[in-house]
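Given next are the chains, with one letter for each unit.
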Amino acid sequence: MASPGAETKKPGNHNDFVQLCNPHVAAMKEDVLYHFSLSTSTHDFPTMFGDVKFVCVGGSPSRMKAFIKYVAVELGLDHPGAEYPDICEGTDRYAMFKVGPVLSVSHGMGIPSIAIMLHELIKLLYHARCSGVTLIRIGTSGGIGVEPGSVVITRQAVDGCFKEEFEQIVLGKRVVRNTHLDDWLVQELVRCSADLGEFPTVVGNTMCTLDFYEGQGRLDGALCSYAEKDKQEYLRAAYEAGIRNIEMESSVFAAMCNACGLRAAVVCVTLLNRLEGDQISSPHEVLVEYQQRPQRLVGHFIKKCLAAA
């Protein structure tokens, strides 16, 4: 449960237009999405993005470009010589690609980076008058008690103390937001994984940490003040709390989507079982195939949704 004073907001009708939790934006004559190098005064957002129904976000620009190429083929929208230019080519902060109703955006690494991106992404969808939008984070993670290559569909994002909340300091005050993810979307993604039958998929909680090393109980960082025994006790406690993987973006992703009433999911592949080690040592070609698994699952989900529309 979120602590007293936690902000919660039930998602509205999924076909509703995207809304903001900020009354100031509507009064602005121009909204500059600085980190996207886009502006409402220089770009026609409804024309560029008004048909978007699915937004997929992931860490690296190259992975998100690969995803949009994959989706284009899956949806029959690809053609010989097709190019997928970076819509955010005016900046090197983030990359954005589009094909049909699908938008693919990179978010960098960690909570601050994805949070900045999400503020501008949700505003973009608002200015474009988008409706019925689903957001999905696809990425990599460290598994807890699951075999490498497993895909984890997140039920709830939790912090390093296993609390189901995202905390931020706003104007010197502690603001806590709910991190629950859409139940219907979780079950639909489980069904899509069963349709594919290509890789193990589990539903569980995802622990979101502030860094890759100490925050995740690793022994191989530049700093470490605990022993192997302490690490194992912590990770086993996490497993008992229903946590099946660890990454660095899910809590703020869930919190911001919740606050704006957006249907959202997190789908990450595990690159290793953290109960068995800290370093990622699988061959490059194996890791590449692992990273394609969330893309294949989410691509199948999008294709299925569009076929049923």
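Not measured: the values here are computed from a predicted model.

A. Representation of the overall build of the protein. When its secondary structure is counted, the protein shows seven helices and twelve strands. In terms of overall dimensions, the protein is globule-like: its C-alpha atoms have a radius of gyration of 19 Å, near the 19 Å expected for 309 residues. Taken across its 309 residues, the protein has 49% of its residues classed as buried. Of the contacts made within the protein by residues no fewer than 6 positions apart, 78% connect residues no fewer than 24 positions apart. Accessible surface, the protein: about 14400 Å² in total, of which carbon and sulfur atoms supply 54%.

B. Spatial organisation of the UniProt feature "domain: Nucleoside phosphorylase" (unreviewed entry) in the protein. Here the UniProt-annotated "domain: Nucleoside phosphorylase" (unreviewed entry) positions come out as residues 53-303. A distance of 12 Å separates the end C-alpha atoms of residues 53-303, which is 35% helix and 27% strand.

C. Seen up close, the packing of helix H4 (residues 183-196) against helix H7 (residues 284-308). Look at H4 against H7: their axes get within 9 Å of each other, and the N-to-C directions meet at 105°. Taken together, the axis directions place H4 and H7 in an arrangement best described as roughly perpendicular. Across from Trp184, Leu185, Glu188, Leu189, Arg191, Cys192, Ser193, Asp195 and Leu196 in H4, the residues of H7 making contact are Arg296, Leu297, His300, Phe301 and Lys304. Of the residues belonging to the contact of H4 with H7, the class tally is seven nonpolar, two polar and five charged.

D. Quick peek at the layout of surface pockets. Its boundaries defined by the atoms lining it, the largest pocket holds a volume of some 900 Å³. Around the largest pocket, the lining comprises 38 residues; the ones closest to its centre are His119, Phe166, Gln168, Arg177 and Met256. Of all the secondary structure elements, the ones that give two or more residues to the lining of the largest pocket are helix H3 (111-127), strand E8 (165-170), strand E9 (173-178) and helix H6 (250-259). Here the lining of the largest pocket is composed, by residue class, of 19 nonpolar, ten polar and nine charged. Taken as a whole, the second largest pocket holds about 410 Å³ of empty space. Lining of the second largest pocket is provided by 22 residues; of these, Arg63, Met109, Thr140, Phe212 and Met248 occupy positions nearest its centre. Taken together, the elements giving at least two residues each to the lining of the second largest pocket come down to strand E6 (134-143), strand E11 (243-247) and strand E12 (263-273). It is E6 that provides the largest number of residues to the lining of the second largest pocket, a total of five residues. Residue composition of the lining of the second largest pocket, grouped by class: eight nonpolar, nine polar and five charged.

E. Quick look at the pattern of salt bridges. Evaluation of the coordinates by the stated rule reveals 17 salt bridges. Glu249 is paired through a salt bridge with Arg137; the nearest N and O atoms lie 3.0 Å apart. Highlighted residues: Glu249 in the loop between E11 and H6 and Arg137 in strand E6, separated in sequence by 112 residues. Arg137 shares its class with Glu249; the two are buried.

F. Seen up close, H7. Here H7 contains 25 residues, and its C-alpha end-to-end distance of 37 Å stays within 8% of the 36 Å for a straight helix at 1.5 Å per residue. Of the residues making up H7, those classed as buried are Leu287, Tyr290, Arg293, Pro294, Gln295, Arg296, Leu297, Val298, Gly299, Phe301 and Ile302.

G. Structural detail: the pairing of E6. A large share of E6 lies buried, amounting to nine of its ten residues. Summarising the sheet, strand E3 (residues 54-58) and E6 pair through four bridges and their orientation is parallel. Opposite Cys56, over in E6, you have Ile136 as the bridge partner. Here E6 runs beside E12; their pairing, made up of nine bridges, is parallel. Directly across from Gly143, in E12, lies its bridge partner Asn273. Where E6 and E11 come together, two bridges link them in antiparallel fashion.

Scoring rules and cut-offs
- Residues numbered from 1 in each chain as written.
- Predicted model: local features only at pLDDT ≥ 70, side-chain atom pairs only at ≥ 80, totals over all residues.
- Heavy atoms only, no water.
- Helix = DSSP H or I, 4+ residues; strand = E, 2+ residues; numbered from the N terminus.
- Rg over C-alpha atoms; globule rule 2.2 N^0.38 Å.
- Buried < 20%, exposed > 50% of the residue type's maximum accessible area, 1.4 Å probe, protein only.
- Contact = heavy atoms within 4.5 Å.
- Areas by Shrake-Rupley, 256 points an atom, 1.4 Å probe, with all protein chains shown as cover.
- UniProt positions renumbered as here; feature names shortened; annotations may be inferred.
- Axes fitted to C-alpha atoms, helices over the stretch in contact; angles between N-to-C directions.
- Parallel < 35°, antiparallel > 145°, perpendicular 65-115°, else oblique.
- Nonpolar A, V, L, I, M, F, W, Y, C, P; charged D, E, K, R; others polar.
- 1 Å grid on protein atoms, 1.4 Å probe; cavity = no way out; pocket = protein on both sides within 12 Å on 5 of 7 lines; lining within 4 Å.
- Points joined across faces, edges and corners; volume = space filled by probe spheres on them.
- Salt bridge = Lys/Arg side-chain N within 4 Å of Asp/Glu carboxyl O.
- Expected span 1.5 Å × (residues − 1).
- Pairing = 2+ DSSP bridges.

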